[in-house]
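Notes for the structure review
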Amino acid sequence: MGIVCPDECKRIEIEEFRRMLLSNAAVHRTKASDEFRNPGQLPSAVALEDKKVCVTSGVSFLGIAIVNQLLLRGYSVRVIVQKQEDLEKLREMEISGEMRQSMNTVEAVMASLNDVESLSQAFNGCRGVFHTAAFVDPAGLSGYSKSMAEVEVLVSKNVTQACAITPSIRNCVLTSSLLACVWQDLNSSTTIDHDCWSDESICINKKLWYALGKLKAERIAWDVAREGGFKLATLCPGLVTGPEFLSRSPTSTIAYLKGAQEMFRNGLLASVDVNKLAVAHVLVFEEMKNTAYGRYISFDQVIRSEEELEKLARETGIDIRTMRSNSRTNFSNCTKLSNAKLCRLMSTIHRCNSEF
């Protein structure tokens with residue numbers, strides 16, 4: 001638990017009280033425009049009509065972290081479940097306390113990620129959608145295959161198309177990956193930031209299917225959003241870590257680390273804590289009514305030393321030899337990795353490093 005000084009506590013209390021007052025001034029907006037119909041009223045920080053959202057993978061490692069952050073900030077959350085096992089897992093999370101206790105509601109809705117109409121019905125009445133993952137092997141055994149990348153792309157298309165045809169949806173936050181940015185021809189003067197895209201041919205040649213899936217899924221989401229009349233933001237995180245992250249998210253963890261040796265050598269092997277990433281998702285969503293838009297790179301650590309690499313190997317159970325570079329790494333000549341755009345957006349109470 002963090003310690004907040006008295007002045008900061010007072011500031012937070014005032015801000016929360018302001019949010020509560022302003023939320024009563026909720027006004028209606030059109031889907032085609034964010035302009036207020038009655039400009040004489042004050043816009044709310046998080047209007048009442050904005051406080052119902054949907055999370056497509058709310059029982060996943062990142063999904064549950066996002067749900068908890070949303071509950072903490074006063075949202076009602078609708079969680080998409082695809083099968084009975086997901087519903088039972090959601091109930092177990094509530095009982096165990098993994099899901100935050102809140103006066104706000106968590107509603108589970110059965111929907112198919114392969115059916116646009118089913119998704120649209122599930123999204124109906126929500127202001128925004130958080131799409132965190134499309135498909136992973138639930139047993140964590142087969143790895144992330146080329147066919148799974150194709151499913152990732154298809155589901156991303158379905159989710160964003162459902163956003164486009166659902167009248168209540170204004171904004172969508174999609175979780176992509178830093179891998180959708182880093183796999184390209186690099187040199188020491190290159191800075192990897194939110195404007196960078198991986199090269200599809202490099203991903204295919206190296207058989208980096210997770211990177212390919214995230215890259216193509218994000219691209220198709222942008223294509224749909226441009227035509228669909230809703231606002232999209234994407235977060236491109238490093239390897240998502242946190243308590244027991246390997247057991248909670250085995251397929252994506254292992255798939256992310258394919259090519260880790262080259263990423264480590266180039267200074268691009270980065271990670272982010274799951275709860276910090278969840279906070280970033282919610283803050284980006286809340287600022288989409290103002291200036292937030294586009295892509296955001298998210299990481300809080302770049303693995304640079306042998307000690308850090310050894311720790312990551314222990315946490316993942318992956319042979320360090322598959323991650324350690326064969327040649328000595330000179331980090332002063334490495335590619336720079338920047339998350340400056342996200343840092344500018346984040347609240348001052350959430351500290352981050354803008355460039356490594």
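Shown above is the structure to which this text applies.
Residues numbered from 1 in each chain as written. Predicted model: local features only at pLDDT ≥ 70, side-chain atom pairs only at ≥ 80, totals over all residues. Heavy atoms only, no water.

Observations concerning the environment of Arg324
Residue placement: Arg324 occurs in the loop between α13 (306-316) and β12 (336-337). We classify Arg324 as partly exposed; its relative accessible area is 28%. Taking the C-alpha atoms as reference points, Arg324 and Ala260, 64 residues apart in sequence, are found 7.9 Å from one another. A distance of 2.9 Å separates polar atoms of two side chains, one belonging to Arg324 and the other to Glu306. (Helix = DSSP H or I, 4+ residues; strand = E, 2+ residues; numbered from the N terminus. Buried < 20%, exposed > 50% of the residue type's maximum accessible area, 1.4 Å probe, protein only. Polar contact = N/O pair within 3.5 Å; in protein donor to acceptor, adjacent residues only side chain to side chain.)

Describing the sheet that holds strand β3 (residues 106-110)
Here we have 7 strands laid out as an open sheet, ordered β3-β2-β1-β4-β5-β7-β10, and parallel in their pairing. Each having just a single partner strand, β3 and β10 (294-298) make up the two edges of the open sheet. Geometrically, the sheet is characterised by an average inter-axis angle of 20° between neighbouring strands, direction not taken into account. With 5 bridges connecting them, strand β7 (residues 231-237) and β10 associate as parallel partners. By the bridge assignment, Leu235 is partnered in β10 with Tyr296. The strands that helix α4 (residues 116-123) touches are β1 (52-55), β2 (76-81), β3 and β4 (128-131); relative to β2, the one it contacts most, it runs at about 160°. In this fold helix α12 (residues 274-287) packs onto β1, β4, β5 (171-175), β7 and β10, with an angle of close to 160° to the strand it touches most, β7. (Pairing = 2+ DSSP bridges. Axes fitted to C-alpha atoms, helices over the stretch in contact; angles between N-to-C directions. Contact = heavy atoms within 4.5 Å.)

A short note on the nonpolar core
Formed by 78 residues in total, the largest nonpolar core has its most connected members in Leu70, Val77, Val182, Trp183, Leu257 and Leu269. At 9 residues, the largest contribution of residues to this core is made by α12. Among the nonpolar cores identified, the runner-up in size contains 24 residues, and Leu119, Val129, Val155 and Ala225 belong to it. (Core = buried A, V, L, I, M, F, W, Y, C linked by side-chain atoms within 4.5 Å.)

Shape descriptors only; they carry no functional weight alone.
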